Amino acid sequence: MRVTVPMTAGSQAADDYVLRVENLGKVYGGAVALRDVSLAIRRGSIHGLLGENGAGKSTLVGIMSGQRQPTTGTIYLDGVALGHADVPSMEEAGVFLVTQEPMIIDHLSAAENLMLGIWPRRFGFVNWRKLRKDAARMLAGTGIDLDRPAGKLDAVARRKLNILRAMFSGGKVIILDEPTAALTVEDRQQLFDFMRRLKADGVTFIFISHYNDEILDICDAVSVLRDGILAGGSEDVGSLTSAQLSELVLGRGLVLFQRERREFAEDAPAVQLRDVVGPSVRVPALDIRPGEVVGFTGLPGAGAKELARCIFGLTPVQSGTIRFADETETHKLPTHPRDAFESGIAFLSDDRRRDGAIGQMSIGANISLSSLASVARSGFLSKDAELKLSDRYFAAMGIKAPSAAVAVDTLSGGNQQKVCLGRVLATGPRVLILDEPTRGIDVGVKQDVLRIVDELSRTGVAVIIVSTDTDEITRAVDRVCIFENGAIARELTGSEITNDRLRGLEPS
Ligand SMILES: Nc1ncnc2c1ncn2[C@@H]1O[C@H](COP(=O)(O)OP(=O)(O)OP(=O)(O)O)[C@@H](O)[C@H]1O
């Protein structure tokens, strides 16, 4: 395994490297996020940036793109040292950062959003007709209608549009910070095809991902951060295995989790659905047993997410029955999440931005937020019980922070996700619905999360995992419902559940 060799400023080969950083350091308050990082990105390559949650990846690309200022160190673009770099000057120079939060203007059409980066700044002339033609070519096959207002696009389409915008804007270095989270296998392939096309034209990519298979598929080189330090890397990704990548990231071998799948056919259901019709989903019959872990998967809009939201009561169903164990009423439909929550149904939304953690509050307060009833004794909140609960999940989720008392908005993205998940798990539910539970979570903690879910299920909790991550589904569930056109098209159980089958690489 070869460690990435940082090129020095006047080096003979400096031309080969479009972007270099030397001795970068970043301190937030008193906390060191990056320490003396030097690395060089080869022109026209796809360079993976890996590391556990909180390792410093977003901080590093934030500095490279002008979003954050380094405490020490220098950035070189095309061999030229940059002084104070901010976002407009870096974009002007051709360095674009695409984050997970789409920077989209809702009332403009998809095509207009694509063209945002290339509207004339001052006296430039733009060939709008050609631009529109180019936009149409780029959007062809993406399922995005050129003229649809961006505000009306779903979350995945907005994400795709965001990525395409950077590509369309003529960036020479495009940084993608976890671009594929929640994209389907087809979406990912489409994105990778774009990247390869642009790479052939000389565009350079820096690509952050927690998915080894993606790194191995698309990257030429990788660099690994560990606790803010450049821990290693390779300029020959093709020679690495997935296990070696994980070892580079974690500094130790990774034991992958695999649930021992069980069959539940005879047990009384924990959740029983009959003739459920909701907006864009209909399910004649579905039973989920106590202790069973069921995966819901499918293309966006196919019904997996929609049904999970109906079961929790986030989306009212139009007709049919959803009955939880112990309920005697035959036609009780949850009409509000509060009803579902009170009857022991917990839900992790995939929209962590809207339904996520409260940034200014501490990790501990966020974890115990939804469990106040269970930590309150005779109407009073027991501080001890609250602390015990939050400390337990703080530790179990491997949240990287000095203590559970620190504010959530000082955490890295992945660690904030762990707080949201910890909060849901801490409610001690009897039915647990998790929408993309390990999105943004690193490869080590992902195994821990799957293990925690497995343990909970062994106490009789019925679990629904909505996911586009086929590896996660394969490792975590007893049964998978594959949704198509608003209905469950197929179910797989036991040994039928394989990653390749879920990816459509072998027939069902
Ligand atoms: N605004 C901030 N204030 C204080 N600390 C911060 C701030 N932003 C990041 N940090 C800290 O800097 C470190 C690096 O965070 P960063 O977001 O760069 O990690 P990351 O590798 O991108 O993680 P993830 O995979 O979770 O997105 C973390 O310890 C984080 O808590």
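For the structure itself, look to the data block above.
Definitions and cut-offs
Residues numbered from 1 in each chain as written. Predicted model: local features only at pLDDT ≥ 70, side-chain atom pairs only at ≥ 80, totals over all residues. Heavy atoms only, no water. Pairing = 2+ DSSP bridges. Helix = DSSP H or I, 4+ residues; strand = E, 2+ residues; numbered from the N terminus. Axes fitted to C-alpha atoms, helices over the stretch in contact; angles between N-to-C directions. Near = heavy atom within 4 Å. Polar contact = N/O pair within 3.5 Å; in protein donor to acceptor, adjacent residues only side chain to side chain. Areas by Shrake-Rupley, 256 points an atom, 1.4 Å probe, with all protein chains shown as cover. 1 Å grid on protein atoms, 1.4 Å probe; cavity = no way out; pocket = protein on both sides within 12 Å on 5 of 7 lines; lining within 4 Å. Points joined across faces, edges and corners; volume = space filled by probe spheres on them. Phe/Tyr/Trp six-rings, centres within 6.5 Å; stacked < 30°, edge-to-face > 60°. Buried < 20%, exposed > 50% of the residue type's maximum accessible area, 1.4 Å probe, protein only. Lys NZ or Arg CZ within 6 Å of the ring centre and 35° of its normal.

Examining the sheet that holds strand β12 (residues 281–288)
Step number 1: One open sheet holds the three strands; their spatial order is β12-β11-β14, and the pairing between them is antiparallel. On the outer flanks of this sheet lie β12 and β14 (319–324), each paired with one strand and no other. Each strand axis lies, on average, 10° off the axis of its neighbour in the sheet, ignoring direction.

Brief notes about the site of the ligand
Step number 1: Among the 20 residues in the neighbourhood of the ligand, the closest are listed as Ser-58, Thr-59, Thr-410, Ser-412 and Gly-414.
Step number 2: In the environment of the ligand, an oxygen atom lies 2.8 Å from a nitrogen or oxygen atom belonging to the side chain of Lys-57.
Step number 3: The separation between an oxygen atom of the ligand and a polar side-chain atom of His-210 is 3.2 Å.
Step number 4: Surface burial for the ligand is 82%, taken as the share of its 640 Å² of free accessible area covered by protein chains.
Step number 5: Looking at the shell around the ligand, the elements that each hand over two or more residues are α1 (57–64) and α15 (413–425).

Things to note about empty space enclosed by the protein
Step number 1: Evaluated as defined, the whole model comprises four cavities of 30 Å³ or more.
Step number 2: By volume, the largest cavity amounts to about 70 Å³.
Step number 3: Contributing elements (two or more residues each) for the lining of the largest cavity: α5 (155–168) and α6 (185–200).
Step number 4: The dominant element in the lining of the largest cavity, judged by the number of residues it contributes, is α6, at four residues.

Some remarks on the packing of aromatic side chains
Step number 1: Within this structure, the stated rule accounts for three aromatic pairs.
Step number 2: With 5.9 Å between their ring centres and 75° between their planes, Phe-192 and Phe-207 make a pair best called edge-to-face. Here Phe-207 lies in strand β8 (residues 204–208) and Phe-192 lies in helix α6, a separation of 15 residues in the sequence. Each of the two residues, Phe-192 as well as Phe-207, counts as buried.
Step number 3: Note on Phe-312 and Phe-347: the rings are 4.9 Å apart at their centroids and 15° apart in plane angle, and the pair reads as stacked. Remark: Phe-347 occurs in strand β15 (residues 345–348) and Phe-312 occurs in helix α9 (residues 304–312); sequence separation between them is 35 residues.
Step number 4: Over the ring of Tyr-76 we find Arg-20, and its NZ or CZ is 4.1 Å from the ring centre.

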